[in-house]
Amino acid sequence: MAIVTLGGTPVETVGNLPSVGSQAPEFKLTGTDLSDKTSDDYSGNRLVLNIFPSIGTGTCAQSVRTFNQKAGQIENTKVLCISKDLPFAMASFCGAEGIENVESLTDYKTGKFGQDYGVTFKTGAFESLLSRCIVVVDSDGTILYTEQVSEIADEPNYDSALASLA
């Protein structure tokens, strides 16, 4: 398990992020149109998984905006913004903000993604939501980079994540 903080208070996740160099766990998530999206749907693409608690918080919303701006145009790369929000909330936010270069997905149905990636909060006020993490996956499914953000209110290191794609 990872221990991070929420406003300085320690909270635990159910596990640890997969190791750099390992194969990314397969996933099945829900798109904003309520369709199922699986890891197979992105086969052959590099992926930036922007994982966060809720689009309704300032830092989470900023991470979606930043990745939309910075990573949305990188060749052969899909940016997937993943939380446990309802698909309607994610679609509403992205529509209002003009977000077009990233794809929003949710783990609200089963929570399996959060369990498999070790990012579901086990304790604290955000229990059962996803912790703020970045996972970068190469086109063959190999994990190139991970970041478990140590303070939930902080933004991830966008530049380091994107540099792993170079």
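Further up the page is the structure itself.
All of these numbers come straight from a predicted model, not from anything done at the bench. (Residues numbered from 1 in each chain as written. Predicted model: local features only at pLDDT ≥ 70, side-chain atom pairs only at ≥ 80, totals over all residues. Heavy atoms only, no water.)

Can you explain the pairing of strand β7 (residues 103-106)? Please cite residues and give values.
Each regular strand carries side chains that alternate between the two faces of the sheet. Taken together, the 2 bridges between strand β3 (residues 28-31) and β7 define a ladder with antiparallel strand orientation. Note that in β7 the partner of Gly31 across the bridge is Leu105. With 4 bridges connecting them, strand β6 (residues 77-83) and β7 associate as parallel partners. Looking at β7, one finds that Leu80 is bridged to Glu103. (Pairing = 2+ DSSP bridges. Helix = DSSP H or I, 4+ residues; strand = E, 2+ residues; numbered from the N terminus.)

Please give an account of the sheet that holds β7 that cites residues and values.
Pairing is mixed across the open sheet formed by 7 strands, whose spatial order is β4-β3-β7-β6-β5-β8-β9. Edge positions in the sheet fall to β4 (36-38) and β9 (143-148), since each of these pairs with one other strand and no more. Taking each pair of neighbouring strands and ignoring which way they run, the sheet shows an average axis angle of 30°. Looking at chain direction, β3 and β4 are connected through 3 bridges and run antiparallel. What sits directly across from Lys28, in β4, is Thr38. In this fold helix α1 (residues 58-70) packs onto β5 (46-51), β6 and β8 (133-137), with an angle of close to 160° to the strand it touches most, β5. (Axes fitted to C-alpha atoms, helices over the stretch in contact; angles between N-to-C directions. Contact = heavy atoms within 4.5 Å.)

Let's hear about the pattern of salt bridges: which residues, and what values?
According to the stated counting rule, one finds 5 salt bridges in the structure shown. As a salt-bridge pair, Lys109 and Asp36 come within 3.8 Å of each other at their nearest N and O atoms. Of the two residues, Lys109 is situated in the loop between β7 and α3 (112-117) and Asp36 in strand β4; the sequence distance between them amounts to 73 residues. A relative accessible area of 48% means that Lys109 is categorised as partly exposed. The exposure class assigned to Asp36 is partly exposed, which follows from its relative accessible area of 42%. Linked by salt bridges that have partners in common, Lys28, Asp36 and Lys109 make up one network. (Salt bridge = Lys/Arg side-chain N within 4 Å of Asp/Glu carboxyl O. Buried < 20%, exposed > 50% of the residue type's maximum accessible area, 1.4 Å probe, protein only.)

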